[in-house]
Amino acid sequence: MTTTAPTSRRATAAARQESGAGLTFLRAVHAEWIKLTSLRSSYIILTIAFLGMVGISLLSTLSVVDMASGYIAYGADPAGSEAQLGTVEEFGVMARGVASNGIVIAQFLIASLAVMQIGSEYGTRMITTTLTAVPRRITAVLAKTLVIAGTSFVVGVVGALISYAIAQPMLEPHGLNYPLIADGVIRGIVSAGVYLALIAVLGLSIGALLRNSAGGIVTTLGVLTVLPIIVAILSGVNDLFRDLGLFLPSSAGMDMVAIRTAQDHLTQVQGGLVVLGWAVVALAGALISVKRRDA
Amino acid sequence: MIEAYGLTKTYGKRTAVDGVTFTVQPGQVTGFLGPNGAGKSTTMRLILGLDLPSSGRVLVNGRPYAEHAAPLREVGALLDAKALHPARSAVKHLSVLAATHGIRRSRVDEVMAMTGITETARKRVKGFSLGMGQRLGIAAALLGDPRTVIFDEPVNGLDPEGVQWVRNLTRRLASEGKAVFLSSHLMSEMAQTADHLIVIGRGRIIADAPVAEILAHGQDRTLVRSDQADRLRAGLAAGGIAFRELEPGLLEVSGAEPRKIAWIAREHEALIHELTPVRASLEEAYMELTRDDVEYRSAALAGAGEGNR
């Protein structure tokens, strides 16, 4: 053993030098990128996420336009309608927010795709192959996380930008169009990307913890949709639950991308930190689980 | 080279691998034999760090698998040919693995050509036959041109031509100086392929020796047909030679050479008209080994039965 060790190390070094082949984090990321892009299902889900994003934004824009034209049709005065429909200033805020509204739909698709990134590997036992090629498990999971989070970020930002571009000609007749550099617009667009990225991290982590695509998707969508409903019902019982509801990822996410958040809601930064907190805690749990459990 | 020291793996109450110590040497094919559930696959998973040992440790090429800078260049493994995403094509599957180590694209083409899957490379692996799946798994194992190769039941689902191919491949890999660790339930296959055998039963190593030595463990016998079987029986019994009467007039004699048997027959005036030496097959030697183990285990369990209840 003692005599063969130096020889084998030299041989290994030679083999490595010969081809420059060795496992690195960036290479693991590259591998995960090939995985994502070599499955038709990825494209289908990402396309639907993108279309959903733009579609919801389009509906929001139509709604703003409709309300604005209704307001203008009423004329300056009718007291009741003014309170109901809001002021011109508020239309402006709504209009500036339409680009990011699409995340309410896109998050479900992104979350599902993220769960599948690892859930399907356990389902198909591909995880065995993955962890043989990348036996450093933290590297393997972080590479996956980076790829799906990065992709989700791009879908969010590009989706929001295109939504912005589509909205402008529709808003223009009502004087509600605005430049990209207007207050909070770029922040809202980037936040949409960041939110989807963090939701992807949450989904992937839940997928890694449950090791199952179906269970992971149900759980993640449950956190995003069912939990807020339960908390909303319970908030009638105790005010504590109302406050708690603000800290759920979907609610915090809406505050995060908002142009202007409600008085009793989280600020954009707070919302972002809350969603980040969910993602980080879930990912930490996933890393510990993957590291400790048998593959 | 693989070195396992006191490797143990328990799943809850069940001990799958029980204090296993062995070495797989470079430059030869080491066969890993054992009945189903004996702990072969678990041992292989432990080697690759897919399962974490309950105690003991295992090194490949001098260190734990995960600690190598280029794991795929150290060990190429085919543990489960179905461990892949069915909707991905073979070439993409291999490209993913190659990407983790920065292995050049031409090597992917090389291993596909080597394993004969080039023509189906772009098809989804979902439609692959078991044999094609095995070939893809072997292609993946060879991707990093590893120094140690681990194949779990590689000939499963292969046609005779494929079996022959795997046999030649493993022999060639060993001749290139690689350590080849091969599990199979086909004993006859092992006899033709392996240089060294590690036999495992119920999680424990039963035998760890060169193939020739294991073969010697199985006793050679001689079939004798005689018209005066009663006289021959008496003669053999007098000489303290073990035999069984398979059918009237046909004895299976163990522990004596044909020449000796013929002399005894002559002394006792028994005419013999058949004297057939029967070589112990590896399969029989193996059955012999595992039967002892199973019997020992059953006895042990029976004794411990009260305690469990």
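The model shown is predicted, which means the values in this text are computed figures rather than measured ones.

Residue and element names in this part refer to chain B. Even without glycine at this site, asparagine 61 takes up a positive phi of about 45°. Tracing the backbone shows asparagine 61 in the loop between β4 (55–60) and α2 (71–74). Non-glycine residue glutamate 269 carries a positive phi angle of around 55°. Of note, glutamate 269 is situated in the loop between α10 (258–267) and β13 (272–278). Note on glutamate 269: relative accessible area 61%, which makes it exposed.

Once that is clear, we can look at the sheet that holds strand β12 (residues 250–254) of chain B. All names here are of chain B. The sheet built from 4 strands is open, its strands ordered β11-β12-β10-β13 with antiparallel pairing. Every interior strand has two partners, whereas the edge strands, β11 (242–247) and β13, have only one. Put simply, the sheet's adjacent strands are angled 20° from each other on average, direction ignored. Contacts from helix α9 (residues 229–238) reach β10 (221–226), β11, β12 and β13, with the element oriented near 160° to β11. The sheet strands contacting α10 are β10, β12 and β13, and the helix crosses β13 at an angle near 160°.

Turning next to the pattern of salt bridges. Counted by the stated rule, this structure contains 25 salt bridges over all chains. We note a salt bridge from glutamate 110 of chain B to arginine 104 of chain B, for which the minimum N-O separation is 3.4 Å. On the accessibility criterion, glutamate 110 of chain B (34% relative accessible area) is partly exposed. Between lysine 178 of chain B and glutamate 176 of chain B there is a salt bridge, with the nearest N and O atoms lying 3.9 Å from each other. Judged by relative accessible area, lysine 178 of chain B falls into the buried class, the value being 9%. Relative accessible area serves as the criterion here: at 48%, glutamate 176 of chain B is assigned to the partly exposed category. In the salt-bridge network here, residues are joined through shared partners; they are Glu32, Lys35, Glu121 and Lys144 of chain A.

Residue and element names in this part refer to chain A. Here helix α6 (residues 103–124) is 22 residues long and its end C-alpha atoms lie 30 Å apart, about the 32 Å a rise of 1.5 Å per residue gives. By the largest-angle criterion, glutamine 117 marks the main kink of α6, which is about 35°. Burial analysis of α6 places 17 of its 22 residues in the buried class, which makes it a mostly covered element.

Let us look at the packing of aromatic side chains. Applying the stated criterion to the full structure yields 4 aromatic pairs over all chains. Among the aromatic residues, those joined into a ring-pair cluster are Phe22, Phe32 and Phe181 of chain B.

With that settled, consider the packing of helix α9 (residues 185–210) of chain A against helix α10 (residues 213–235) of chain A. Residue and element names in this part refer to chain A. For the pair α9 and α10, interaxial distance at closest approach is 9 Å and the crossing angle is 135°. Relative to α10, the element α9 is oriented oblique. In this structure, the crossing between α9 and α10 has a hand that is right-handed. Together, Tyr195, Ile199, Gly203, Ile206 and Leu210 of α9 and Gly215, Gly216, Thr219, Thr220 and Leu224 of α10 make up the contact between the two elements. In terms of residue class, the contact of α9 with α10 is made up of 5 nonpolar, 5 polar and no charged.

The subject of this paragraph is the sheet that holds strand β7 (residues 179–183) of chain B. All names here are of chain B. If you trace the 6 strands from one edge of the open sheet to the other, you get β5-β6-β7-β3-β8-β9, paired in mixed fashion. Since the sheet does not close on itself, it has two edges, and those belong to β5 (75–78) and β9 (204–210), each with one partner. Going from strand to strand, the sheet's axes swing by 15° on average, the running direction of each strand aside. Both strand β6 (residues 148–152) and β7 contribute to a ladder of 5 bridges, which runs parallel. When the bridges of β7 are listed, threonine 148 appears paired with alanine 179.

Residues and elements named next belong to chain B. With 90% of its residues at a pLDDT of 70 or more, chain B shows a mean pLDDT of 87. Every residue in residues 295–309 scores below 50 in pLDDT, and together they form 4 contacts with partners more than four places removed in sequence or on other chains. Taken together, the chains of this predicted complex give a pTM of 0.83 and an interface ipTM of 0.85.

Analysis parameters
- Residues numbered from 1 in each chain as written.
- Chains lettered and ligands numbered in written order.
- Predicted model: local features only at pLDDT ≥ 70, side-chain atom pairs only at ≥ 80, totals over all residues.
- Heavy atoms only, no water.
- Helix = DSSP H or I, 4+ residues; strand = E, 2+ residues; numbered from the N terminus.
- Buried < 20%, exposed > 50% of the residue type's maximum accessible area, 1.4 Å probe, protein only.
- Pairing = 2+ DSSP bridges.
- Axes fitted to C-alpha atoms, helices over the stretch in contact; angles between N-to-C directions.
- Contact = heavy atoms within 4.5 Å.
- Salt bridge = Lys/Arg side-chain N within 4 Å of Asp/Glu carboxyl O.
- Expected span 1.5 Å × (residues − 1).
- Bend = angle between axes of the 7 residues up to and from the residue.
- Phe/Tyr/Trp six-rings, centres within 6.5 Å; stacked < 30°, edge-to-face > 60°.
- Parallel < 35°, antiparallel > 145°, perpendicular 65-115°, else oblique.
- Left-handed = near helix turned anticlockwise from the far one by under 90°.
- Nonpolar A, V, L, I, M, F, W, Y, C, P; charged D, E, K, R; others polar.
- pLDDT = per-residue confidence, 0-100.

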